[in-house]
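# Close look at the chain arrangement
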Amino acid sequence: ATLEDTLEVTGATTLKDTLNVKGAATLEDTLEVTGATTLKDTLNVKGAATLEDTLEVTGATTLKDTLDVAGNATFAANTQTNGIATFGTVTDKQTTIDGGEILVNENQENQVLINEKGIKVGLASSFMDTKGVYAGGDNWNAAKAAIKSDGQIKGASGEFMVATDGTVTVGSNASQQT
């Protein structure tokens, strides 16, 4: 079937062959397609959409809720996410996340969390932000070892310190320096 204008579907629809739509298509319930589908303009889906094989998008796409990809996802162009995106394997050239976060290897010893605060590696071990890199804690005071962006260095749980002027302090007095 070929549509030259508008198709509005308000109930469940099953297509067993080919549907070519040259104009806008609005779906307000369920569309099940068992063959190949090509959209050359706009597809608006107001309910849940499940794709069991391949979705290839060559133009701009707006997703207003959740995209859950269980298999491989390849983004050849700029990808912007304002919510949560869950992926199996992602091949990407550039991803922008505004106000959200990326979590890799969730609840694993080597999990990675990236958000507006910085980058955290491990469940509670290392953190990096514009002020420095901290191992064993999320900030200078909590870290067992750290390097600040101003040049300060902290080691051995604060027993070894290097100040911004290069002064080195070793021993129990070092933990009192900032």
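Treat the numbers as computed from the prediction; the structure is a model and nothing was measured.

## Notes on the overall build of the chain
From N to C terminus, the chain includes 0 helices and 20 strands. Taking all 178 residues of the chain together, the buried fraction comes to 19%. If you take every contact in the chain between residues at least 6 apart in sequence, the share linking residues at least 24 apart comes to 0%. A total of about 13,100 Å² of accessible surface is found on the chain, and carbon and sulfur atoms cover 48% of it.

## Points about a nonpolar patch on the surface
A grouping of Ile-102, Val-104, Ile-114, Ile-119, Val-121, Met-128, Val-133, Ile-147, Ile-153, Phe-160, Val-168 and Val-170 is seen on the molecular surface, where their side chains present a nonpolar patch of about 920 Å² in accessible area. At the level of elements, strand S12 (102-104), strand S14 (118-121) and strand S20 (168-170) are the ones that each hand at least two residues to the nonpolar patch.

## Considering the pairing of strand S16 (residues 132-135)
Walk down a regular strand and you will see the side chains alternate between the two sheet faces. Across the two faces of S16 the burial differs, with Gly-132 and Tyr-134 buried and Val-133 and Ala-135 not buried at all. In the sheet, strand S15 (residues 126-129) pairs with S16 via 4 bridges, with the strands oriented antiparallel. Paired with Phe-127 across the two strands is Tyr-134, which belongs to S16. Turn length for the S15-S16 hairpin, with the two strands adjacent in sequence and antiparallel, is 2 residues. The pairing of S16 with strand S17 (residues 145-148) spans 4 bridges and is classified as antiparallel. For Gly-132, the partnering residue across the bridge sits in S17 and is Lys-148.

## Considerations on the sheet that holds S20
Reading across from one edge, S12-S13-S14-S15-S16-S17-S18-S19-S20 is the order of the 9 strands in this open sheet, with antiparallel pairing throughout. Edge positions in the sheet fall to S12 and S20, since each of these pairs with one other strand and no more. Along the sheet, successive strands turn relative to each other by an average axial angle of 5°, direction set aside.

## Brief notes about the pattern of salt bridges
If you walk through the whole model with that rule in mind, you get 1 salt bridge. In this structure, Asp-138 and Lys-120 form a salt bridge, with 3.4 Å as the shortest nitrogen-oxygen distance. Of the two residues, Asp-138 is situated in the loop between S16 and S17 and Lys-120 in strand S14; the sequence distance between them amounts to 18 residues.

Each value, and the rule that gives it
- Residues numbered from 1 in each chain as written.
- Predicted model: local features only at pLDDT ≥ 70, side-chain atom pairs only at ≥ 80, totals over all residues.
- Heavy atoms only, no water.
- Helix = DSSP H or I, 4+ residues; strand = E, 2+ residues; numbered from the N terminus.
- Buried < 20%, exposed > 50% of the residue type's maximum accessible area, 1.4 Å probe, protein only.
- Contact = heavy atoms within 4.5 Å.
- Areas by Shrake-Rupley, 256 points an atom, 1.4 Å probe, with all protein chains shown as cover.
- Patch = residues over 30% accessible without salt bridge, like charges linked within 9 Å, V, L, I, M, F, W, Y side chains within 5 Å.
- Salt bridge = Lys/Arg side-chain N within 4 Å of Asp/Glu carboxyl O.
- Pairing = 2+ DSSP bridges.
- Axes fitted to C-alpha atoms, helices over the stretch in contact; angles between N-to-C directions.

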